[in-house]
Amino acid sequence: MLLYSNLLLILAAVIGFIMIFLGLHYHRRSLILVICHVLFAVVGLASLLYAITTEFISQYNIAAAVLLMLTLIIGAILAALRDNKQPAPIPAVTVHAIIGLAGITLLLLGSYQSF
C-alpha cells in the first residue's frame, strides 16, 4: 500500500511541476491537469493514511502524512482564493510545492527504511 501512495504522490508532484512550467512559460492553465493533480494527491494521501492505520510503519511516514495534509490544506486555500483571470500567486505556490516535496521526501525515506 505504501508503494501505491509513493507512486501516486510522485505523479501528483510531476503534474504539479508541469502546471508550473505551463503557467510560467506559456501563461496557460489546464483544468484537466489541475483535476489530475488533485485526484492523484488525494488518493495518494488516502492510501498513505490507510497504510498508517492498518500497518506498522515508520515515524517518517507519519510525519510525511502530516506535511502532506498541510500541503492539501494550502492547495485548497489556493484553489478557493484563485480568480479565474489571475493565476495563483507564485510565493504561495512555492510554499505549497516545498512542503509537498518535503512530505514526499519523508515518505520515501520511511519507505526505504521499512525495506
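Refer to the preceding data block for the structure.
Read on for an overview of the structure.

Procedures and definitions
Residues numbered from 1 in each chain as written. Predicted model: local features only at pLDDT ≥ 70, side-chain atom pairs only at ≥ 80, totals over all residues. Heavy atoms only, no water. Helix = DSSP H or I, 4+ residues; strand = E, 2+ residues; numbered from the N terminus. Expected span 1.5 Å × (residues − 1). Buried < 20%, exposed > 50% of the residue type's maximum accessible area, 1.4 Å probe, protein only. Polar contact = N/O pair within 3.5 Å; in protein donor to acceptor, adjacent residues only side chain to side chain. Phe/Tyr/Trp six-rings, centres within 6.5 Å; stacked < 30°, edge-to-face > 60°. Core = buried A, V, L, I, M, F, W, Y, C linked by side-chain atoms within 4.5 Å. Contact = heavy atoms within 4.5 Å. Axes fitted to C-alpha atoms, helices over the stretch in contact; angles between N-to-C directions. Parallel < 35°, antiparallel > 145°, perpendicular 65-115°, else oblique. Left-handed = near helix turned anticlockwise from the far one by under 90°. Nonpolar A, V, L, I, M, F, W, Y, C, P; charged D, E, K, R; others polar.

With respect to helix α2 (residues 31-54)
At step 1: In this model, α2 (24 residues) spans 34 Å end to end at C-alpha, consistent with the 34 Å of a helix rising 1.5 Å per residue.
At step 2: Taken as a whole, α2 has its buried residues at Leu33, His37, Gly44, Leu45, Ser47, Leu48 and Ala51.

Comments concerning helix α3 (residues 59-81)
At step 1: Its 23 residues give α3 an end-to-end C-alpha distance of 33 Å, which sits within 8% of 33 Å, the value for a rise of 1.5 Å per residue.
At step 2: Where α3 is concerned, the buried positions are Asn61, Ala64, Ala65, Leu68, Thr71, Ile74 and Leu78.
At step 3: At the N-terminal boundary of α3, the capping side chain belongs to Ser58, with an oxygen 3.1 Å from the backbone nitrogen of Tyr60.

Brief notes about the packing of aromatic side chains
At step 1: As enumerated under the stated definition, the model contains 1 aromatic pair in all.
At step 2: Where Phe21 meets Tyr26, the ring centres are 5.8 Å apart and the plane angle is 80 degrees; that geometry is what we call edge-to-face.

Quick look at the nonpolar core
Soluble globular proteins tend to pack their nonpolar side chains together in the buried interior.
At step 1: Among the nonpolar cores identified, the biggest contains 13 residues, and Leu2, Leu9, Leu48, Leu68, Ile104 and Leu107 are the most heavily contacted of them.
At step 2: For this core, the secondary structure elements donating two or more residues are α1 (2-25), α2, α3 and α4 (90-114).
At step 3: Look past the residues within four positions of Ile104 in its chain and what remains in contact with it is Leu9, Ile10, Ala13 and Leu68.

Some remarks on the packing of α2 against α3
At step 1: Packing of α2 against α3 brings their axes to within 10 Å, and their N-to-C directions diverge by 150 degrees. As far as their axial angle goes, α3 and α2 are roughly antiparallel. Seen from above, α2 lies across α3 with left-handed handedness. Contacts between α2 and α3 involve Val42, Leu45, Leu48, Leu49 and Ile52 from the former and Asn61, Ile62, Ala64, Ala65, Leu68, Met69 and Leu72 from the latter.
At step 2: Its residues placed into classes, the contact of α2 with α3 shows 11 nonpolar, 1 polar and no charged.

Section: the packing of α1 against α2
At step 1: Here α1 crosses α2 at 155 degrees, and the two axes come no closer than 8 Å. The orientation of α1 relative to α2 falls into the category roughly antiparallel. For α1 against α2, the interelement crossing comes out left-handed. Mapping the contact onto sequence places Leu2, Tyr4, Ser5, Leu8, Leu9, Leu11, Ala12, Ile15, Gly16, Ile18, Met19 and Leu22 in α1 and Leu33, Val34, Cys36, His37, Phe40, Ala41, Val43, Gly44, Leu45, Ser47, Leu48 and Ala51 in α2.
At step 2: Taken together, the residues of the contact of α1 with α2 sort by class into 19 nonpolar, 5 polar and no charged.

Observations regarding the environment of Leu33
At step 1: You can see Leu33 is positioned in helix α2.
At step 2: Residues Leu33 and Leu67, 34 residues apart in the sequence, show an inter-C-alpha distance of 22 Å.
At step 3: Dropping the residues within four chain positions of it, Leu33 is found in contact with Ile15, Ile18, Met19 and Leu22.

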